[in-house]
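The lines below spell out each chain.
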Amino acid sequence: MSAQSLLEQTVREHEFDLAIVSDQYRNLKPPYTWLAHANKQAAIWVLSGNQVQERPARASPFFTWARVHGIYIFSVYAPPRLTDAEFAALLSDIADEARSKRRLIVAGDFNAWSTEWGSDRTNHQGMVLLDALAPLDVVLLNRRHADFRRTSKRRRREPVYWWTEEIAGLRGACLRAQRIAQRARGRQDWGTRCAEYVIVMSRLRGPRAKPPSSPSLVRRSVATLFPVVNEEPILPPAVPDGEMAPSVSLEELRRACRKVKEHTAPGPDGVPNAALKIAVATRPDIFLRVFTACMRSGVFPRCWKRQRLVLLPKPGKPPDEPTSFRPICMLDAVGKMLERIICDRLQVFTESPSGLSDQQIGFRRGRSTIDTIEKVVSTAREALRGRRWLGGTKEYCAVVTLNVKNSFNTARWNNILTALERIETPA
């Protein structure tokens, strides 16, 4: 109680416009503008006659927010008694609420440790907190013992969902074996150390995949993975007289060229990607003329549709089944550059308000499976937020999944053209 009284006195003396309070003792009564969460332990105190432009419709547990002067302020208090699941659920709720809000400040007492903000070590809560706030693209600020802004000179890698303790252990073993092999070079035991490193690398990479060797199995696999659709294609609408597709700009070409990775395998033409990038940088005018002609004629050259196919076996699948292989198609990089230019132009329409549904996650920039999982978890958590089912406020929640077999290679072109026309994509 004395700490909160000291806070009230300090805020009035310095004439602060706003204060963010965590682990408070009590709410202040009117005439003060005091916004607290459902547990009344985190609050936002708005002073000096400033107006609250927006606030949550109902109080949430352990955090609250308000918009003041166009800035969204979040106040959070995560008590130490929260289990790991409850702590992760709280961060998920905060991320869902803050995802569409900019400009944004998130402050509070998370009871989480991390060396990122000056702790001696990083605990589980600190790692979960960093992972949860990373998609919000926020900058870490902290005050500890002195005024400073904690920013790393190198960009911190974002956490990935597939990383596990087993992978981390294998990576550590690989690095140790590599160091030992390098130090042993030239010594009598170098061959033994090098063999140990090769064994560790083979475990890290997994067993080598063997493509099918039977010609009949290859033919059946290709026929299954790439079925022929006997359907008369619908011709796209005619281009009005006097209209033509805009010329491919130098910025479009450079953006598509940056997407080409230098060290990946080339397509059937055998041209290394590094050589293609040098050619684009040296004579961009040739590529601009060719790509513009393709766009205006509506023709994608047949030679760029040829591919070098590699069939990789799926682990745990029967080796004699056509569906047991994953196809890897290696295309000419110059054709992929034209695809990228077309894709960027299409996204202007597919990402517009009248474009693709907001529920579609796959094949869209800035979205991933993690977004789908978070949406499902958030919906289920909202349904189960009440007290009881029978006669109570809890709701039933069911998850129904549908798997479309080989959907990418069996999509009908006529359906794709119809969908593009529906969102008014120009011919």
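The structure presented is a predicted model; accordingly, all values stated were derived computationally and were not measured.

### Re helix α3 (residues 124-133)
Inference 1: Among the ten residues that make up α3, seven are buried, leaving the element largely enclosed by the rest of the structure.
Inference 2: For α3, the elements touching its buried residues are α2 (84-98).

### A closer look at the pattern of salt bridges
Inference 1: Counted by the stated rule, this structure contains 15 salt bridges.
Inference 2: The closest approach of N and O atoms between Glu97 and Lys101, which form a salt bridge, is 3.2 Å.
Inference 3: By relative accessible area, Lys101 is classed as buried at 9%.
Inference 4: Between Arg345 and Glu252 there is a salt bridge; the shortest N-O distance is 2.9 Å. Highlighted residues: Arg345 in helix α10 (residues 333-350) and Glu252 in helix α7 (residues 250-258), separated in sequence by 93 residues.
Inference 5: Look at Glu252 and you get buried, because its relative accessible area is 13%.

### Some details on unusual backbone geometry
Negative phi values dominate among residues other than glycine, just as trans dominates among peptide bonds.
Inference 1: Between Arg102 and the following residue, Arg103, the backbone shows a cis peptide bond with an omega angle of -5 degrees.
Inference 2: Mapped onto the elements, Arg103 comes out in the loop between α2 and β7 (104-109).
Inference 3: Phi is positive for Phe62, close to 75 degrees, though the residue is something other than glycine.
Inference 4: Mapped onto the fold, Phe62 is located in the loop between β4 (52-54) and β5 (63-68).
Inference 5: Of note in the backbone geometry, Asn406 takes a positive phi value of approximately 55 degrees without being a glycine.

### What to know about the sheet that holds strand β6 (residues 71-77)
Inference 1: Strand order in the open sheet formed by four strands is β4-β5-β6-β7, with mixed pairing between adjacent strands. Strand pairing shows two members of the sheet lacking a second neighbour, β4 and β7, which therefore form its edges. Neighbour-to-neighbour, the strand axes of the sheet open up by a mean angle of 35 degrees, direction not taken into account.
Inference 2: When β6 meets β7, the two strands line up parallel, connected through six bridges. Pairing of Tyr72 across the sheet is with Leu104, part of β7.

### Considering the confidence of the model for the protein
Predicted coordinates in areas of low pLDDT are best not read in detail.
Inference 1: Averaged over all residues, the pLDDT of the protein is 79; the fraction at 70 or higher stands at 81%.
Inference 2: For the stretch residues 144-157, pLDDT sits under 50, and the model shows 17 contacts to residues farther than four places along the chain or on other chains.

### Looking at the nonpolar core
Inference 1: Ranked by size, the top nonpolar core spans 23 residues in total, and within it Phe63, Phe74, Leu90, Leu91, Ile94, Phe110 and Leu129 carry the most contacts.
Inference 2: Not counting residues up to four positions away in its chain, the partners in contact with Phe110 are Val76, Ala78, Phe87, Leu91, Ile94 and Leu129.
Inference 3: If you look at the next biggest cluster of nonpolar residues, it comprises 18 residues, including Val248, Phe291, Cys294 and Ala333.

The rules we used
Residues numbered from 1 in each chain as written. Predicted model: local features only at pLDDT ≥ 70, side-chain atom pairs only at ≥ 80, totals over all residues. Heavy atoms only, no water. Buried < 20%, exposed > 50% of the residue type's maximum accessible area, 1.4 Å probe, protein only. Helix = DSSP H or I, 4+ residues; strand = E, 2+ residues; numbered from the N terminus. Contact = heavy atoms within 4.5 Å. Salt bridge = Lys/Arg side-chain N within 4 Å of Asp/Glu carboxyl O. Pairing = 2+ DSSP bridges. Axes fitted to C-alpha atoms, helices over the stretch in contact; angles between N-to-C directions. pLDDT = per-residue confidence, 0-100. Core = buried A, V, L, I, M, F, W, Y, C linked by side-chain atoms within 4.5 Å.

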